[in-house]
Amino acid sequence: MTFLQSEEANDRAVTLRNRARLGANKNLLFWYRELYHDQFKDFPNPATLSILEIGSGTSPLKQFLSNVVTSDVLDLDYLDLVFDCHQIEKLDAIKDNSIDVITLTNVLHHLKSPIAFLNRAAGKLKSGGKVIATEPFFSVLSTPIFKYLHHEPVDLQISEPELAKVQGPLASANIALPWLIFFQRVEWLQRLNEKFDVATLSTRPFSAISYMATGGISCRLPVPHFVYRVFFPIDLAFSRSFPHLLASFFTITLTRR
């Protein structure tokens, strides 16, 4: 078995394990349910939309929106499509100008070239179609958590909005990359302006420590579900009132020209 085949086999095994762990974590599933509700809150009836999800390996989105077309670069038998999203413009299974929404949750920071992907993905969207993506936000609270307690790499000093090293779909990451693009480096964001109306870009903070309180994918913390449900809206409200102090995630909505 070659190194790349071995890496893919390992990523498949990790993805299946993570998917099972997420499904067994009631509080984490609640966090995702609330996230998806927030992502699609501006659509009167998301069930009628044509939606493509990128990076569906672990994602539970289809549990909540059955009309979603799931996809991933890993060949997993529960997916609708398997392809490399960096080559989405070559995907014949999805016609150009046919999709209402392309959604990604904690996926952009794994992509070699997220800006190139977004510009190529625009061709699959209808005019006025949306890209909705949720990614880590670097606040006073979350920065030390992501830098010192989270397992994925953080590099705030990159000179270009790309991953310098690609090892595999899961191992390759810089969780600061989307935050740098959408909040710190205006010149990088402007590279999207030809395909998307950057002036109408929407960003919303999403949660402070409620994700961490679930234990995330790696473990399940013994927080009673009824306590978690009461705690979550308080945590969400604080993250939106004081984002630069407390927010840990953000959702961006880009509109195709």
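Preceding block: the structure.
For the structure given in this document, a descriptive report is provided here. Remember, predicted model here, so these are calculated numbers, not experimental data.

1. A few points about helix α2 (residues 26-39)
Under the 1.5 Å per step criterion, the end-to-end length of α2 is 20 Å for 14 residues, consistent within 8% with the ideal 20 Å. Within α2, 10 of the 14 residues are buried, leaving the element largely enclosed by the surrounding structure. Considered for burial, the residues of α2 that qualify are Asn27, Leu28, Leu29, Phe30, Trp31, Tyr32, Leu35, Tyr36, Asp38 and Gln39. The distance from a side-chain oxygen at the start of α2 to the backbone nitrogen of Asn27 is 3.3 Å, and the residue carrying that oxygen is Asn25.

2. Re the sheet that holds strand β1 (residues 51-53)
Pairing in this open sheet of six strands is mixed, and the strands run β2-β1-β5-β6-β8-β7 from one edge to the other. The open sheet has two free edges, formed respectively by β2 (68-69) and β7 (202-205), since each of these has just one partner strand. Two strands pair when backbone bridges link them, and β1 and strand β5 (residues 99-105) are joined in this way by three bridges, in the parallel orientation. What sits directly across from Leu52, in β5, is Ile102. This element, α2, spans β5, β6 (125-136), β7 and β8 (249-255) of the sheet and lies at about 145 degrees to β5.

3. A short note on the pairing of β6
Pairing analysis gives six bridges linking β5 to β6, with the strands arranged parallel. In the strand pairing of β6, Ile102 is matched with Val131. When β6 meets β8, the two strands line up antiparallel, connected through seven bridges. Paired with Ala133 across the bridge in β8 is Ile252.

4. Section: the side chain of Thr105
Tracing the sequence through the fold places Thr105 in strand β5. Thr105 gets classed as buried once you look at its relative accessible area, which sits at 11%. In this structure the side chain of Thr105 is engaged in a polar contact, spanning 3.2 Å, whose partner is the side chain of Gln39. Residue contacts for Thr105: discarding those within four places in its chain leaves Tyr32, Leu35, Tyr36, Gln39 and Thr134.

5. Notes on a nonpolar patch on the surface
Together, Val140, Val230, Ile234, Phe238, Phe242 and Leu245 line one region of the surface with nonpolar side chains, adding up to about 580 Å² of accessible area. Of all the elements, helix α9 (residues 225-241) adds the most residues to the nonpolar patch, at three residues.

6. Focus: the packing of α2 against α9
Packing of α2 against α9 leaves a shortest axis separation of 11 Å and a crossing angle of 40 degrees. It follows from the interaxial angle that α2 and α9 lie oblique. Crossing handedness for the pair α2 and α9: right-handed. In contact with Lys26, Asn27, Phe30, Trp31, Arg33, Glu34 and Asp38 of α2, α9 contributes His225, Tyr228, Arg229, Phe232 and Arg240. Split by residue class, the contact of α2 with α9 holds four nonpolar, two polar and six charged.

7. Notes on the packing of aromatic side chains
Going through the model one piece at a time under the given rule, you end up with 22 aromatic pairs. Ring centres of Tyr36 and Phe64 lie 5.9 Å apart, and the angle between their planes is 50 degrees; this geometry places the pair in the tilted category. Of this pair, Tyr36 sits in helix α2 while Phe64 sits in helix α3 (residues 61-64), and the two are 28 residues apart along the sequence. For Tyr36, a relative accessible area of 4% gives the class buried. Centre to centre, the rings of Phe40 and Phe43 are 6.0 Å apart; their planes meet at 50 degrees, and the pair counts as tilted.

8. So, the pattern of salt bridges
One pass over the full model with this rule turns up nine salt bridges. A salt bridge links Asp42 to Lys41; the nearest nitrogen and oxygen atoms lie 3.5 Å apart. What makes Asp42 exposed here is its relative accessible area of 57%. Under the relative-accessibility criterion, Lys41 is labelled partly exposed at 42%. Of the charged contacts, one joins Lys126 and Asp100 as a salt bridge, the two residues approaching to 3.0 Å between their closest N and O atoms. Of this pair, Lys126 sits in strand β6 while Asp100 is found in strand β5, placing the two residues 26 residues apart along the sequence. The class for Lys126 is partly exposed, based on a relative accessible area of 33%. Owing to a relative accessible area of 18%, Asp100 belongs among the buried residues under this scheme.

Conventions and cut-offs
Residues numbered from 1 in each chain as written. Predicted model: local features only at pLDDT ≥ 70, side-chain atom pairs only at ≥ 80, totals over all residues. Heavy atoms only, no water. Helix = DSSP H or I, 4+ residues; strand = E, 2+ residues; numbered from the N terminus. Expected span 1.5 Å × (residues − 1). Buried < 20%, exposed > 50% of the residue type's maximum accessible area, 1.4 Å probe, protein only. Polar contact = N/O pair within 3.5 Å; in protein donor to acceptor, adjacent residues only side chain to side chain. Pairing = 2+ DSSP bridges. Contact = heavy atoms within 4.5 Å. Axes fitted to C-alpha atoms, helices over the stretch in contact; angles between N-to-C directions. Patch = residues over 30% accessible without salt bridge, like charges linked within 9 Å, V, L, I, M, F, W, Y side chains within 5 Å. Areas by Shrake-Rupley, 256 points an atom, 1.4 Å probe, with all protein chains shown as cover. Salt bridge = Lys/Arg side-chain N within 4 Å of Asp/Glu carboxyl O. Parallel < 35°, antiparallel > 145°, perpendicular 65-115°, else oblique. Left-handed = near helix turned anticlockwise from the far one by under 90°. Nonpolar A, V, L, I, M, F, W, Y, C, P; charged D, E, K, R; others polar. Phe/Tyr/Trp six-rings, centres within 6.5 Å; stacked < 30°, edge-to-face > 60°.

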